[in-house]
Amino acid sequence: MGSEASPVVVPRNFRLLEELERGEKGIGDGTVSYGMDDSDDMYMRSWTGTIIGPHNTVHEGKIYQLKLFCDIDYPEKPPTVRFQTRIYMTCVNQETGLVEPSLFPMLASWQREYTMEDILTNLKKEMSSPQNRKLFQPPDGNEGQRIEQKGLVVRCCIL
């Protein structure tokens, strides 16, 4: 009998639950972490990640906050990854903080087996790459944080 075993495809929500459990336990040396952004999100789409900058780089000791958005087609397609903390890297759009898939090899050649942990770990490695390790960075402090545009209301009062 020549029947080949086909790989088991884990459903999206089970896969995300596995990633959530792993993220909550902590990863490696603790310089990369992630978790759900909204525990009430039934579709588990919105995630937050943190990277502590690698040693011997301009990023050393800095804490970078990221948003990861896993649309309904995740893990078949990669999540959208955006730095909330301002950062200058060759694969990051300086205006929006978006990690450009065409400039970040892991997103450009996405495979179903990749995880959010893999993305964060590879972004940390990218910070240490020759083109990014000494790249001038925006000043520290709250003025470097990106604000989310959704729900932003401008109120004007004329006295």
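Residues numbered from 1 in each chain as written. Predicted model: local features only at pLDDT ≥ 70, side-chain atom pairs only at ≥ 80, totals over all residues. Heavy atoms only, no water.

Undergrad: Help me get a handle on unusual backbone geometry, residues and values and all.
TA: For the peptide bond that leads from Y74 to P75, omega is 10°, which places it in the cis range. Here P75 shows up in the loop between strand 3 (63-69) and strand 4 (80-83). The phi dihedral of M44 is positive, around 55°, even though this residue is not glycine. Note that M44 resides in the loop between strand 1 (32-36) and strand 2 (46-52). Given the relative accessible area of 7%, M44 is considered buried. One non-glycine residue, N56, adopts positive backbone phi at about 60°. We classify N56 as exposed; its relative accessible area is 61%. (Helix = DSSP H or I, 4+ residues; strand = E, 2+ residues; numbered from the N terminus. Buried < 20%, exposed > 50% of the residue type's maximum accessible area, 1.4 Å probe, protein only.)

Undergrad: Would you mind going over the sheet that holds strand 4 in detail, with residue names and values included?
TA: Taken in spatial order, the four strands make up an open sheet running 1-2-3-4, and their pairing is antiparallel. The open sheet has two edge strands, strand 1 and strand 4, and neither has a second partner. Looking at each pair of strands side by side, their axes are set apart by 20° on average, direction ignored. Here strand 3 runs beside strand 4; their pairing, made up of four bridges, is antiparallel. For F69, the partnering residue across the bridge sits in strand 4 and is T80. The strands that helix 1 (residues 12-25) touches are strand 1 and strand 2; relative to strand 1, the one it contacts most, it runs at about 130°. Against the sheet, helix 3 (residues 116-127) engages strand 1, strand 2, strand 3 and strand 4, with an angle of about 35° to strand 2. (Pairing = 2+ DSSP bridges. Axes fitted to C-alpha atoms, helices over the stretch in contact; angles between N-to-C directions. Contact = heavy atoms within 4.5 Å.)

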